Amino acid sequence: MKSIKFIFGILSFLLIGQSGLRAQYANQEQADKLNYTVEQAYETVQVKPVKGKKVKNVILMIGDGMGLTQISMAWVANQGKLNVDNFPYTGLARTYAGNKLITDSGAAGTAMATGQKTRYHSVGVDMDGNPLTSLTDLAHEKGLGTGVVVTCGLTDATPAAFCSNHADREQLEAIAAGYLNCNVDFIFGGGRTDFNKRSDERDLLKEMEERGYQLADSWADVEDYKGEKLFAVVDDGQLPLAKERGDVWQKAALKAIDELSKHKKGFFAMLEGSRIDDCGHWNDVPALMGEIFDFDQTIGKVLEWAEKDGETLVVVLADHETGGLTLLDGSIEAGQVEGHFSTGGHSGIVIPVFAYGPGASEFSGTYENTDVFRKIAELLKLQ
Ligand SMILES: [Zn+2]
């Protein structure tokens, strides 16, 4: 009798459990997009704090749309470890735009690149549309090497905020033309058609070459690169998602650092995990985990480089959160997570900032995203 009750109990648990699960999701496709279990968790690095005080180089790593939940979720999914765990200093930054509470990558990127809040959808210009000087411009003026390495198109908002100027981020051809006047030595990303399949029929790739850039259209070209200035546009649009992309962005980021470190006065590099944001817009947890893992694995390699170097400040942050994501359930042991999104757009919460290396303590506390510019400019003595 007892065993019959027991079996009945298990059966009803399974049935209710199953129907409960079905009720929770509109369909299997939605359930698949909100749940993720890791296949093979990756090992993380452990770096020691640096002792020196001199800030020679700054590596700014932006996870586009990477809020605190995205990081917490990736930590669970990677069975309780991330390279982000290494950072001794953390802070929170407010992201609102100059004319709107919920920002976009244009206004947020501009705030970090130039120290000024601007209009939603503006890149590298002030509230009135006037061009602003960015960290890459200032670093270049001081004789530092500069680099921008992203997984999106180079005309996309975040790289555009560091390399170009326009009141409307949608004007991709005009933003592409802005690269001709940028002060960046090592450029890597996608968005080729904005440079060479244009309504004005100009070939900006050729024009970049005339300005002293070595061109590259694949990782193989980048790997072999030994010049002074590189313009690598490796895809017509964005780079593919991490699953298909493999470790090409990781390698490009490390190559940029190796090349830029040849500058005797130091360097400033902006490395963006651009496609974290797309996965938030799609409300797709598995794709999101793939992007954050790629970003975090790159963080591990960058930290190991910075530990050896001893004069490099590494700052990891987001420009804004995407998806209004929450972590509802999961298992650290199984590397399993269940998420819930509250929007297909961005949210307005503060974003986490992680800092390692000389000057890192400056990034503790709560501040404006524009202060990220100010802190970096001060530490590198750019102003
Ligand atoms: Zn977005």
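From a predicted model like this one, the values you see are computed outputs, not experimental measurements. (Residues numbered from 1 in each chain as written. Predicted model: local features only at pLDDT ≥ 70, side-chain atom pairs only at ≥ 80, totals over all residues. Heavy atoms only, no water.)

S.K.: Go over the overall build of the protein chain, please, and point to the residues and values.
M.R.: Of the regular secondary structure elements, the protein chain holds 15 helices and 14 strands. What you see for the protein chain is a C-alpha radius of gyration of 22 Å, in line with the 21 Å of a compact globule of 383 residues. A principal-axis box enclosing the C-alpha atoms of the protein chain has dimensions of 85 × 55 × 45 Å. Put simply, the protein chain has 383 residues, and 56% of those count as buried. When contacts within the protein chain are restricted to residue pairs at least 6 apart in sequence, those whose partners lie at least 24 apart make up 75%. Across the protein chain, the mean location of the 37 positive side-chain charges is 5 Å away from that of the 54 negative side-chain charges. (Helix = DSSP H or I, 4+ residues; strand = E, 2+ residues; numbered from the N terminus. Rg over C-alpha atoms; globule rule 2.2 N^0.38 Å. Buried < 20%, exposed > 50% of the residue type's maximum accessible area, 1.4 Å probe, protein only. Contact = heavy atoms within 4.5 Å. Lys, Arg positive; Asp, Glu negative; His and termini not counted. Charge placed at Lys NZ, Arg CZ, Asp CG, Glu CD.)

S.K.: Please set out the UniProt feature "active site" (unreviewed entry) in the protein chain residue by residue, giving values where relevant.
M.R.: Mapped onto the present numbering, the UniProt feature "active site" (unreviewed entry) falls at Ser105. With residues near it in sequence (within four places) discarded, Ser105 still touches Asp64, Ala157, Thr158, Arg169, Asp319, His320 and His346. (UniProt positions renumbered as here; feature names shortened; annotations may be inferred.)

S.K.: For the layout of surface pockets, give the residues involved together with the corresponding values.
M.R.: Empty space within the largest pocket amounts to approximately 490 Å³. What lines the largest pocket is a set of 20 residues, and nearest its centre among them are Tyr36, Lys243, Pro286, Gly290 and Phe293. Of all the elements in the fold, those that place two or more residues in the lining of the largest pocket are strand 1 (35–37), helix 11 (242–245) and helix 14 (285–309). Looking at the lining of the largest pocket element by element, the count peaks at eight residues for helix 14. In terms of residue class, the lining of the largest pocket is built from nine nonpolar, six polar and five charged. (1 Å grid on protein atoms, 1.4 Å probe; cavity = no way out; pocket = protein on both sides within 12 Å on 5 of 7 lines; lining within 4 Å. Points joined across faces, edges and corners; volume = space filled by probe spheres on them. Nonpolar A, V, L, I, M, F, W, Y, C, P; charged D, E, K, R; others polar.)

S.K.: Tell me about the pairing of strand 5 (residues 186–190), and please be specific about residues and values.
M.R.: Along strand 5, five of the five residues are buried, which leaves the element largely enclosed by surrounding structure. Residues Phe186, Phe188 and Gly190 point to one face of strand 5 and Ile187 and Gly189 to the other, with burial holding for every one of them. Note: strand 4 (residues 145–153) against strand 5, four bridges, orientation parallel. Along strand 5, the bridge assignment pairs Val148 with Ile187. Inspection of the sheet shows strand 5 paired to strand 7 (residues 230–233) by four bridges, in the parallel sense. (Pairing = 2+ DSSP bridges.)

S.K.: Provide a residue-level description of the sheet that holds strand 11 (residues 336–340), including the pertinent values.
M.R.: With respect to topology, three strands assemble into an open sheet ordered 1-11-10, the strand pairing being antiparallel. Of all strands in the sheet, those with a lone pairing partner are strand 1 and strand 10 (326–331), marking the two edges. Along the sheet, successive strands turn relative to each other by an average axial angle of 20 degrees, direction set aside. As defined by bridge partners, strand 10 adjoins strand 11 across five bridges and the pair is classed as antiparallel. In the strand pairing of strand 11, Thr326 is matched with His340. Helix 3 (residues 68–77) contacts strand 1, strand 10 and strand 11 of the sheet and is inclined by roughly 5 degrees relative to strand 10. Against the sheet, helix 14 engages strand 1 and strand 11, with an angle of about 45 degrees to strand 1. (Axes fitted to C-alpha atoms, helices over the stretch in contact; angles between N-to-C directions.)

S.K.: Kindly report on the UniProt feature "binding site: Mg(2+)" (unreviewed entry) in the protein chain, identifying the contributing residues and their values.
M.R.: As recorded in UniProt, the feature "binding site: Mg(2+)" (unreviewed entry) lies at Asp64, Asp156, Thr158 and Glu272. Spatially, the listed residues are clustered: although they cover 209 residues, their C-alpha atoms lie within 11.3 Å of one another. By secondary structure assignment, the location of Asp64 is in strand 2 (residues 57–65). Given the relative accessible area of 5%, Asp64 is considered buried. Beyond its immediate chain neighbours, meaning those up to four positions away, Asp64 contacts Ser105, Thr158, Glu272, Gly273, Ser274, Ile276, Asp277, Asp319 and His320. A distance of 2.9 Å separates a polar atom in the side chain of Asp64 from a polar atom in the side chain of Ser105. Looking at where Asp156 falls in the secondary structure, it is placed in the loop between strand 4 and helix 6 (157–163). For Asp156, a relative accessible area of 27% translates into the label partly exposed. Excluding anything up to four places from it in sequence, Asp156 contacts Arg169 and Gln238. (Polar contact = N/O pair within 3.5 Å; in protein donor to acceptor, adjacent residues only side chain to side chain.)

S.K.: Summarise helix 3; cite the residues concerned and give the values.
M.R.: Taken across its ten residues, helix 3 has seven buried, putting it largely inside the fold. When we look at burial in helix 3, the residues that qualify are Thr69, Gln70, Ile71, Met73, Ala74, Val76 and Ala77. Just beyond helix 3, the residue with positive phi is Gln79, at close to 55 degrees.

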